[in-house]
Every structure is written in structure tokens, then in C-alpha cells.
Amino acid sequence: MAAVQADSADRTLVERATRVLPAGSFGNLSGSIIIREGQAGRVRDVHGREYVDYLLGSGPMFIGHCHPEVMAAVQQQIPRGTTFFANNEHGIRLAERICDAMACADMVRFVSAGSEATLYAMRAARAHRKRDKILKFEGGFHGMSDYSLQSLAPRRLSNFPNAVADSAGIPARISDEVLIAPFNDAETVRSLIEEHHDELGGVIVEAFQRLIPPKPGFLEALREITSRYEIPLIFDEIVTGFRFAYGGAQEYYGVTPDMCTLGKIVGGGFPLAAVCGSAELMAHFDRSAVGEDDFLPQIGTLSGNPVAAVAGLATLDVLERPGSYEKVFDTGRRLMQGLSQAMNAAGHTHRIVGEPPLFDIQFTDGPVENYRGMFAADAGKLQKFNALLLERGVLKGDSKFYVGLAHDEADIELTLDAFASAARVLPVT
């Protein structure tokens, strides 16, 4: 009887969502699954079905859902106020921690979402260089702004450096202000920057692009050519910040940009993101430092709010402890190896792409070194595999396994069993 009531309640929620939400969802995942609660490395839906969670809220819940230290910090702050539209001590302390952690960060400006952070980082670079164009990489995701939604996931492949808008409603002329380069192709990037350096306001890149690690020497080459022409280099570390290392991808890969953007982990599961960079670039947010003509106004109602700040501080406290990253990397390596073994045993042609904290499978026999390598993979087969995992109690996004600190031995064993079972059922062709 309880199951029938749960099914009825779920259908009612789905129907209600369809009436009031476009496509029946918040725009992220399908509205067919509705999560009720999360704890550590697992979530439960409105039926009470439990899943090992490799979605992790699209990454923020790196140390687990409802971590007791984060919850205690938030519960202590809420009775004292949730937002003030003014400086607060916790936000200042979080900014100090970020500056200590990130090699490129002399100063920080808080915003509420990653899209805001990348928007302002590109704007600051353009203000500094007094140039309009931005170079980004095909397949690179930098949020929802007009500049960012250029050649993120083009359905038709264009010649470099021509940009293709990814959304309706973007003015056509924006595509003329964005140059597109292939990720992991140092020679092409060098050639494009040499040709267009007088037009470029900045270069933005995910040092680890979606799932694709940089080839040895690629980021170093990008750093060298942008430095030569004094073009600001922005690392979008919304995903990788505090995930690959405490100092982010710039520490993990050993290359320091001029600016970076942070989000997800740094807010501890609450809305908070940040623009970080050198004092020279960040000065554009200070009218008294650069004057009226070079000033970059930035106002956000919830920017640096104390609830998100204390959650971020508590999260960083956990991550600073010895062994935190070693545990995540060990978990990720076991999952990557187990996934590959399951696919080999079942005869599936595949590649495991990524780093231990963030990876996925691509059904292809070709190299996956840039967007075009992923574009050639069998996306339909991946979708079927994801559905089989969901049936077996493993939740992930369309194209990522987010591995977290809270995933324990039971989570790993359940997942490895699901890999083997799903691989046997998945059609080989």
C-alpha cells in the first residue's frame, strides 16, 4: 500500500512540475527523478529508493551531503542572519582562505553562480586589455552568458576560429567577438593568438575540459603565448577548484593563470562563486584604483552571504586535513579500473576519460583529446548505460562521475557490481 501511495505521489509531482516548469524540470536533469534527501554519498528519491550519488549536486557536495561540520556551521549562522548586502566576517575569512590556496589569487570578488563568475572574469580581462574578443575552446563550458555559449556543443562542426552560438536569443554579432580553438592543440592555439593578439581581451579555458585532461605541455604552451602578448589567461575552475588539489587545477597541473573562477565546492553546497586574480586585474572592480573609465561595476544581492561563506569555510577545513585528497583519488582509481574491467569482460569498445575525482566512459575506439573526439563517441550507448546504472542504484549525470570524499567501501562495492551487471546487459553493438 505504501508503495502505491508513493507511486501516486511521484506521478502527481511529475504532473505538477510539467504544468509549471518548462519541460517539467529545473533545466538540469530530466524531471522523471525527484530527489527527497541526501546523506553522505547517497541520495533517496520520493519513492524512498536509494542511490549511490555520483551527481553530487553537479559537484558541490564533494565532502558529502549533510556533512555534520557544514550543517553545524550553517545552523549556527542562520539564527544570526542569512544575508546583509554588506561585508560580513565569514566572507572575508573565506576570501583570505581562497587567496592562500590559489596561486593566481591576490584578491577575490564574490558572486552567486559560476555563470556570473566567468562573465565577470571575461569582462575584467576585456576592460584591462581594452580589446573585445575572447578566445575559448570548442567544447569548453563557461556558464550561460552570451560569450560563454559559443561552440560549447556545436551540432555542426565549423572551421576554427569561427564560433557557433549554442542558444537561441544570442545576438549574431557576439559570435564575431569569440574565437574558437581546439583543446590540446598547442600549435593551432599559438597560431591563432599570434594572428589575433591585437584583438584579444583574454583567453578562457577549463584546464581540464569537461572530462579531458590537458596533454603534457599544452597548458604550459598556452601560458607562454598569452604571457608573451600580455593577454590575460583565465582558468575556469568552477569544477576543478578544490577538487583536484587544495590549490585547484593550477596546483595539480603546475600552471598559474592570471585569473580563475571558482564555484561548486567553495560554497559548500550553497550559492556562492568567485572571481580571483592578480591585484592588477582585480583592481578593475575598484573605482578608486582605476578611475571611472576603467571601472567594472559588480553588484549581487547574495554575493558572499554568510550562510554560504560558513559552509565554504567548513568544507575547506575538512579538505585541508591529511589524507582527504588521497582518499578521493584512491576511490576514483578503483572505480575507473573497475569500469574498464567490466566493459572489457563484456566486449565493449570504450575509453575511460578523465582524472580520478571526475571521469566517465566514452564508447569509441578513437582518441578523446578534444570536443571532436567526444563528438564521435556513441552518445546513445552512454545514455543507455546511464539508465542501466540508475536501475541498479547508481545515479550520475549525463556525462560525468563526480567522486567524493564521502563515498565509502559499501558505495564502491555496489557501484562495481552495477558496472559488471550493466555491462553484461548493454548491447555490444
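As a starting point, this report considers the structure included with it. Every chain's residues receive numbers from 1 upward, in the order its sequence appears when written. Residue-level local features of this predicted model are given only where pLDDT is at least 70; pairs of side-chain atoms are given and counted only at 80 or more, and the full residue set underlies all totals for whole chains, interfaces and linings. Excluded from the side-chain calculations are hydrogens and water; all other atoms, namely the structure's heavy atoms, are used.

### Focus: the sheet that holds strand β8 (residues 233-237)
So, step 1. Spatially, β4-β10-β9-β8-β7-β5-β6 is the arrangement adopted by the 7 strands of the open sheet, whose pairing is mixed. Unpaired on one side and paired on the other, β4 (107-111) and β6 (178-181) mark the two borders of the sheet. The mean inter-strand angle of the sheet, taken between neighbouring strand axes irrespective of direction, is 20°.
So, step 2. Set on the sheet, helix α3 (residues 89-101) makes contact with β4, β9 (259-262) and β10 (273-277); between it and β4 the angle comes to about 130°.
So, step 3. Contact between two residues is taken to exist if any of their heavy atoms lie within 4.5 Å; hydrogens are not considered. Inter-axis angles, ranging from 0 to 180 degrees, are taken between N-to-C directions of lines fitted to C-alpha atoms, where helices are fitted over the stretch in contact. Labels follow the DSSP assignment, with helices taken as runs of H or I lasting at least four residues and strands as runs of E lasting at least two, numbered in each case from the N terminus. Most of the contacts of helix α7 (residues 218-228) go to β8, to which it runs at about 145°, and overall it touches β5 (133-137), β7 (200-205) and β8. The criterion for strand pairing is that DSSP finds at least two bridges linking the strands in question.

### Quick look at the packing of helix α12 (residues 324-346) against helix α15 (residues 409-425)
So, step 1. Orientation of α12 relative to α15, taken along the N-to-C sense of each, is 20°, at an axis distance of 8 Å. Classified by the angle between their axes, α12 and α15 sit roughly parallel to one another. For the pair α12 and α15, the sense of crossing is right-handed. Across the interface between the two elements, T331, R334, L335, G338, L339, A342, M343 and A346 from α12 touch E409, I412, E413, T415, L416, F419, A420, A423 and R424 from α15.
So, step 2. Following the grouping adopted for this structure description, the nonpolar residues are Ala, Val, Leu, Ile, Met, Phe, Trp, Tyr, Cys and Pro, the charged ones are Asp, Glu, Lys and Arg, and the polar ones are all others, Gly among them. The residue makeup of the contact of α12 with α15, split by class, is 10 nonpolar, 3 polar and 4 charged. By definition in this entry, angles of less than 35 degrees are roughly parallel, angles greater than 145 are roughly antiparallel, angles of 65 to 115 are roughly perpendicular, and the rest are oblique. Working rule for handedness: look at the near helix, and if it is turned counterclockwise from the far one by less than a right angle, call the crossing left-handed; if clockwise, right-handed.

### Thoughts on the layout of surface pockets
So, step 1. Grid points spaced at 1 Å and placed over the protein atoms alone form the basis of the search, with a cavity being a set where a 1.4 Å probe fits but cannot get out and a pocket an open set showing protein on both sides within 12 Å along at least five of seven lines. Lining residues have an atom within 4 Å of a point. Grid points are joined across faces, edges and corners, and a volume is the space filled by probe spheres set on the points. Estimated volume of the second largest pocket: approximately 660 Å³.
So, step 2. Its residues placed into classes, the lining of the second largest pocket shows 14 nonpolar, 10 polar and 3 charged.

### Observations concerning empty space enclosed by the protein
So, step 1. Under the definition given, this model contains 2 cavities of 30 Å³ or more.
So, step 2. In this structure, the largest cavity is lined by P60, M61, I63, G64, C66, H67, V70, M71, G268 and T315.
So, step 3. Within this model, the second largest cavity holds a volume of roughly 30 Å³.
So, step 4. Those elements that place two or more of their residues in the lining of the second largest cavity are α6 (186-196) and α7.
So, step 5. The dominant element in the lining of the second largest cavity, judged by the number of residues it contributes, is α7, at 4 residues.
So, step 6. Taken together, the residues of the lining of the second largest cavity break down into 6 nonpolar, no polar and 1 charged.

### Quick notes on the packing of aromatic side chains
So, step 1. Aromatic rings from Phe, Tyr and Trp, with only the six-membered ring used for Trp, were paired whenever their centres fell within 6.5 Å, and each pair was classed as stacked if the ring planes differed by under 30 degrees, edge-to-face if by over 60, and tilted otherwise. Counted by the stated rule, this structure contains 17 aromatic pairs.
So, step 2. Between F359 and F401, the ring centres sit 5.0 Å apart and the planes meet at 15°, which makes this aromatic pair stacked. You can see F359 sitting in strand β12 (residues 358-362) and its partner F401 sitting in strand β14 (residues 401-402), a full 42 residues away along the chain.
So, step 3. Exposed residues in this analysis have more than 50% of their type's maximum accessible area, buried residues have under 20%, and partly exposed residues fall in between, with area computed by a 1.4 Å probe over protein chains only. What makes F401 buried here is its relative accessible area of 0%.
So, step 4. Here a set of aromatic residues connected by ring pairs shows up, and it is made of Y54, F359, F363, F385, F401 and F419.
So, step 5. The rule for a charge over a ring is simple: NZ of Lys or CZ of Arg within 6 Å of the ring centre, and within 35 degrees of the ring normal. The aromatic ring of Y147 is capped on one face by R126, whose charged end is 4.2 Å from the ring centroid.
So, step 6. Directly above the aromatic system of F401 lies the positively charged group of K396, at a separation of 4.9 Å from the ring centroid.

### Side note on the pattern of salt bridges
So, step 1. Take a side-chain nitrogen of Lys or Arg and a carboxyl oxygen of Asp or Glu: if they are within 4 Å of each other, that pair is a salt bridge. Across all of its chains, the model carries 23 salt bridges by this definition.
So, step 2. E194 is paired through a salt bridge with R228; the nearest N and O atoms lie 3.3 Å apart. Of this pair, E194 sits in helix α6 while R228 sits in helix α7, and the two are 34 residues apart along the sequence.
So, step 3. In this structure, R392 and E391 form a salt bridge, with 3.5 Å as the shortest nitrogen-oxygen distance.
So, step 4. Residue class for R392 comes out partly exposed when judged on its relative accessible area of 24%.
So, step 5. The exposure class assigned to E391 is exposed, which follows from its relative accessible area of 63%.
So, step 6. A cluster of three or more residues bridged by salt bridges with shared partners is formed by R36, E37, R42, R44, E50 and D411.

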